[in-house]
Amino acid sequence: MGFDVFGMCNALVDLQAQADEALLAQLALEKGGMFLIDEMQRQELLQRLSGRVIHSEAGGSGANTMIGVALLGGTACYTSKVADDEYGAIYRRSLSNKGVKPNLAVGAGSTGVSFILLTPDAQRTMCTYLGASQLLRPEEVNIDDLRQSRYLYITGYMWDTETQKQSVLHAMHEANRAGVRVVFSLSDIFCVRRHKADFQHLLEQHVDVLIGNAAEAQELSDTDNPHDAARRLAQYCDVAVVTMDSRGALIRQGSTADEIPAFRVQAVDATGAGDMYAAGLLYGLCQGWALDVAGRLAAYTAAQVVTKLGARLDSIEIPSHLLP
């Protein structure tokens, strides 16, 4: 096997900024959501957030997860598209330095950026300018690396442009043919609402493992509680994972359900919790661990990242009591 995980998502430079309820109201943003913005809005936000930016790094949800897999000791590569600009070069170098192979196409325009607005209650609201990443084409997906991977990991954020949709479907079809297991992260409640019918079709046709939080899973499954959501979604894929913040997570496979408690920590910044959860789960699955063991590692990695500012950890060691 060449890689444990072949990741696909949007290559975005993360700009984290302090915010409050008043600023979100002025910007007409619903707290906790992810909103796509255009070039004009990007320029406006850069001006409005002047002096508020506290951290910046190459990121994006899928890249954070691949870096997490590498930190845990796994192997990962990452597919997206950047521009031939300063941010694009930084992005490529950053992935390599973190131990992730960058399968990055290069296009016109500018490299994407995500504004992450942090409120005092540790919630994050994201405004995303996709930039060059939204133009990824099927022929720019490295199928050789995909066929040599154990898992294909794709986020729901990839479903917002037509070329990306075609790239996702191309990768999923190739993974299914090659016996590479497909993991799909619902990513955001607004993604699910925008693309509910499409996501249901992907789940039924291509996905082996589904990951979503309670709100996302309930929306996709037309249920009103996480237990029913996990039960219904598991009818269409091998494994359905429903995270519930401080209440832990449900991992269901067929008629078997494991309820994994959350690790108790003092949350500082919720950014990256879902990404690191996916990294822990993927690493455990690639090691061949039982679902409940992989789930406990996922809960641990998610807990560690929320204790600090930023979507990533600089390092992480797996406690011996979490090993099988």
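The preceding data block contains the structure.
Now for a description of the structure that goes with this document. (Residues numbered from 1 in each chain as written. Predicted model: local features only at pLDDT ≥ 70, side-chain atom pairs only at ≥ 80, totals over all residues. Heavy atoms only, no water.)

Here's the deal with the overall build of the protein chain
- Looking only at helices and strands, one finds 12 helices and 14 strands in the protein chain.
- Here the protein chain has a C-alpha radius of gyration of 18 Å; the compact-globule value for 324 residues is 20 Å, and the two agree.
- Overall, the C-alpha framework of the protein chain stretches about 50 × 40 × 40 Å when taken along its three principal axes.
- Taken across its 324 residues, the protein chain has 59% of its residues classed as buried.
- Taking the contacts inside the protein chain whose residues are at least 6 apart along the sequence as the reference set, 74% of them involve residues at least 24 apart.
- Total accessible area computed for the protein chain in this model is approximately 13,100 Å², and 46% of it derives from carbon and sulfur atoms.
- Measuring between centres, the 27 positive side-chain charges of the protein chain sit 2 Å from its 38 negative side-chain charges. (Helix = DSSP H or I, 4+ residues; strand = E, 2+ residues; numbered from the N terminus. Rg over C-alpha atoms; globule rule 2.2 N^0.38 Å. Buried < 20%, exposed > 50% of the residue type's maximum accessible area, 1.4 Å probe, protein only. Contact = heavy atoms within 4.5 Å. Areas by Shrake-Rupley, 256 points an atom, 1.4 Å probe, with all protein chains shown as cover. Lys, Arg positive; Asp, Glu negative; His and termini not counted. Charge placed at Lys NZ, Arg CZ, Asp CG, Glu CD.)

A closer look at the environment of Gln 218
- Relative to the assigned elements, Gln 218 resides in helix H9 (residues 214-221).
- On the basis of relative accessible area, Gln 218 is assigned to the buried category, the value being 18%.
- Sequence-distant contacts of Gln 218, defined by excluding residues within four places in its chain, comprise Thr 223, Asp 224, Asn 225, Pro 226 and Ala 229.

What about helix H8 (residues 196-205)?
- Listed as buried for H8 are Phe 199, Leu 202 and Leu 203. Taken end-on, H8 shows its buried residues confined to a sector of 100°, consistent with a single buried face.
- Buried residues along H8 sit against helix H6 (162-178), strand E10 (181-185), helix H7 (189-194), strand E11 (209-213), H9 and helix H10 (226-233). (Arc of directions from axis to C-beta.)

Quick notes on the side chain of Asp 275
- Mapped onto the elements of the fold, Asp 275 is located in helix H11 (residues 273-286).
- Lacking a salt bridge, the buried Asp 275 has Arg 124 as its closest oppositely charged neighbour, with an N-O distance of 6.8 Å.
- For Asp 275, the side chain forms a polar contact with the side chain of Asn 64, separated by 3.1 Å.
- Residues in contact with Asp 275, not counting those within four places in the same chain, are Ser 61, Asn 64 and Thr 65. (Salt bridge = Lys/Arg side-chain N within 4 Å of Asp/Glu carboxyl O. Polar contact = N/O pair within 3.5 Å; in protein donor to acceptor, adjacent residues only side chain to side chain.)

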